[in-house]
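# Fold and contact review
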2 protein chains.
Amino acid sequence: MCATTEQELRQYPLFRNCSDSFFTDMANDAHVLKTSKGQVLFLHDDPAERFYYISSGWVKLFRETLDGAQAVVDVFTRENIIGEGALFEDNIYPYTAEVVESGSLISLSLSILNRELQSNNQFTNDMLGFMARNKRQKDKEIEHISLQNAPQRIGCFILGFLNKTEGEATIHLPYDKTLVASRLGMQPETFSRALGKLKVSTGINVKGATIEVSDIETLVSFSCVACSAEFPCKELCSKC
Amino acid sequence: MCATTEQELRQYPLFRNCSDSFFTDMANDAHVLKTSKGQVLFLHDDPAERFYYISSGWVKLFRETLDGAQAVVDVFTRENIIGEGALFEDNIYPYTAEVVESGSLISLSLSILNRELQSNNQFTNDMLGFMARNKRQKDKEIEHISLQNAPQRIGCFILGFLNKTEGEATIHLPYDKTLVASRLGMQPETFSRALGKLKVSTGINVKGATIEVSDIETLVSFSCVACSAEFPCKELCSKC
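Given the structure is predicted, the values throughout are model-derived calculations rather than measurements.

Take the confidence of the model for chain A next. Residue and element names in this part refer to chain A. Across chain A, the average pLDDT comes to 90, with 96% of residues at 70 or higher. A low-confidence stretch, residues 236-240 stays under pLDDT 50, and its non-local contacts, those more than four residues away or across chains, total 18 contacts. Of the two predicted TM-score estimates for the complex, the pTM is 0.86 and the ipTM is 0.85.

A few words now on the packing of aromatic side chains. Describing an aromatic ring pair means giving the distance of the ring centres and the angle of the ring planes. Scanning the model with the defined rule gives 20 aromatic pairs over all chains in all. Consider the rings of phenylalanine 22 of chain A and phenylalanine 123 of chain A, whose centres lie 6.0 Å apart with planes at 45°: the pair is tilted. One end of the pair, phenylalanine 22 of chain A, is in helix 2 (residues 20-29); the other, phenylalanine 123 of chain A, is in helix 4 (residues 121-147), with 101 residues separating them in the sequence. The class for phenylalanine 123 of chain A is buried, based on a relative accessible area of 0%. Here the aromatic rings of tyrosine 12 of chain B and phenylalanine 15 of chain B are separated by 5.0 Å at their centres, their planes lie at 80°, and the arrangement is edge-to-face. Its relative accessible area of 1% is what places phenylalanine 15 of chain B among the buried residues. Connected via pairs of aromatic rings, a cluster forms that spans Tyr12, Phe15, Phe22, Phe23, Tyr53 and Phe123 of chain A.

Bringing the packing of helix 3 (residues 110-119) of chain A against helix 4 of chain A into the picture now. Residues and elements named next belong to chain A. Contact pair helix 3 / helix 4: the axes reach a minimum separation of 5 Å and the direction vectors enclose 110°. Here helix 4 runs roughly perpendicular to helix 3, going by the angle between their axes. For the pair helix 3 and helix 4, the contacting residues are Leu113, Glu116, Leu117 and Ser119 in the first and Asn121, Phe123, Thr124 and Met127 in the second. The class makeup of the residues in the contact of helix 3 with helix 4 is 4 nonpolar, 3 polar and 1 charged.

Our next topic: the interface of chain A and chain B. Listed by partner, the interface residues are 46 residues for chain A and 45 residues for chain B. Along the contact surface separating chain A from chain B lie 20 residue pairs in polar contact (both at pLDDT 80 or more). Of all the elements in the fold, those that place two or more residues in the side of chain A that touches chain B are strand 3 (50-64), strand 4 (70-76), helix 3 and helix 4 of chain A. Counting residues per element, the side of chain A that touches chain B draws most heavily on helix 4 of chain A, which supplies 21 residues. Taken together, the residues of the side of chain A that touches chain B sort by class into 18 nonpolar, 15 polar and 13 charged.

Further remarks concern the relation of the copies chain A and chain B. A rotation about an axis combined with a shift along that same axis relates the two copies of the chain. Superposition of chain A onto chain B requires a rotation of 180° combined with a translation of 0.0 Å along the rotation axis, giving an RMSD of 0.0 Å. The symmetry that links the two subunits is that of a two-fold axis. Taken as a fraction of all interface residues of chain A, those also at the interface in chain B reach 98%, which identifies the copy contact as same-surface.

The next subject is the sheet that holds strand 7 (residues 169-172) of chain A. Residue and element names in this part refer to chain A. Overall, antiparallel pairing links the 3 strands, which are arranged 7-9-8 in an open sheet. On the outer flanks of this sheet lie strand 7 and strand 8 (205-207), each paired with one strand and no other. Looking at each pair of strands side by side, their axes are set apart by 20° on average, direction ignored. In terms of strand pairing, strand 8 meets strand 9 (residues 210-213) through 3 bridges, oriented antiparallel. Each residue of the ladder has a partner; that of asparagine 205, found in strand 9, is glutamate 212.

Each value, and the rule that gives it
- Residues numbered from 1 in each chain as written.
- Chains lettered and ligands numbered in written order.
- Predicted model: local features only at pLDDT ≥ 70, side-chain atom pairs only at ≥ 80, totals over all residues.
- Heavy atoms only, no water.
- pLDDT = per-residue confidence, 0-100.
- Contact = heavy atoms within 4.5 Å.
- Phe/Tyr/Trp six-rings, centres within 6.5 Å; stacked < 30°, edge-to-face > 60°.
- Helix = DSSP H or I, 4+ residues; strand = E, 2+ residues; numbered from the N terminus.
- Buried < 20%, exposed > 50% of the residue type's maximum accessible area, 1.4 Å probe, protein only.
- Axes fitted to C-alpha atoms, helices over the stretch in contact; angles between N-to-C directions.
- Parallel < 35°, antiparallel > 145°, perpendicular 65-115°, else oblique.
- Nonpolar A, V, L, I, M, F, W, Y, C, P; charged D, E, K, R; others polar.
- Polar contact = N/O pair within 3.5 Å; in protein donor to acceptor, adjacent residues only side chain to side chain.
- Least-squares fit on C-alpha atoms with pLDDT ≥ 70 in both.
- Pairing = 2+ DSSP bridges.

Below, the structure is given as structure tokens:
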């Protein structure tokens, strides 16, 4: 188990310049968690000792407002880490993490991560670049909420799952429509209306969680006109 | 000039753990710019060699979409740096910077900043914390756009300028209403309507750029109910 975990961590790009002792100590301390839908991994404002590498499944990060609404900060799948931000928040989790699709995680030590950050400047710089890219994605998300209309934002979200830039494509939504709506900062009814408009404007076809795009370029010219980046964008569009 | 600049840089909290050679080399290379409203400091996508410390005045950061709309990423005033993000974007500025209120800047070398990041791990960690706080502010901004209504968002913006938590207060908007609207991701007409509603709901009084808050607690209970943080918030609300 330990050797497999170490191998998985060594393949994670953010850790490419970490020391051998980092991998050994992390793997010795790590444990693998099988997760089930609805499971809460940690709570907003709780003291933090662990962060998680997602091997499979989906996890949403959110906060709740005083009046009970839920703000979905992000939704992550495999080959991402979550909870590491607590290191920069006085070891307090800045949001709640809940499993939205079952899978597998590796639970990892924040203090070993912190030790590496304090002693390995190349890794600290890698982490800085990682954080800067995250911040840029947030900037773009704010831009999109401000300047794109709802159908364009759904179009951008779909484009983020394509692995080609022209022709036709079929994708499967990774999680349910309510969560997609929430991730895009829309009420479910706004999302449904906007998806209807997007179908009319771009000829996409939606069957449950499957979306057929008959012409990617039509979808691009519809969605990306209200964006400051050009398609295909540098950032992963599913998060931008 | 050089000694004053060095002193100003030494007082900037982010640089608190920088080396003596960093300050000396930065100050020797730095030059002070008097800025005027409308002046463009750098353009989105241009190659970057300098970043700027704002001594006075206001600067907005924005990007333009393909259809010509402007997305205001942030608006900064004194004791902030801008343009440093290019270091993490292949030395390309990720947005355009334009002066919105005249003042004074110090133009600084990105390569000296980068040298310090590569050689001083304490500073790299400080920069990481700085970036993490920036990202959290963006998360909160996205939460607010998604979950607060327009009057609540203006209320939150106003609360960010207060230096006390109860009683009455008078503040002066730092820049014109159109820019405040844009910073909050609203159309000017939405902003005007929302400001009208905020006046009715909280008893604030607006005279040009001056806002009189008769009871801070009323403004707090109106605005902060749709937020996951409690007032007074850890982050500067004017940026959250």
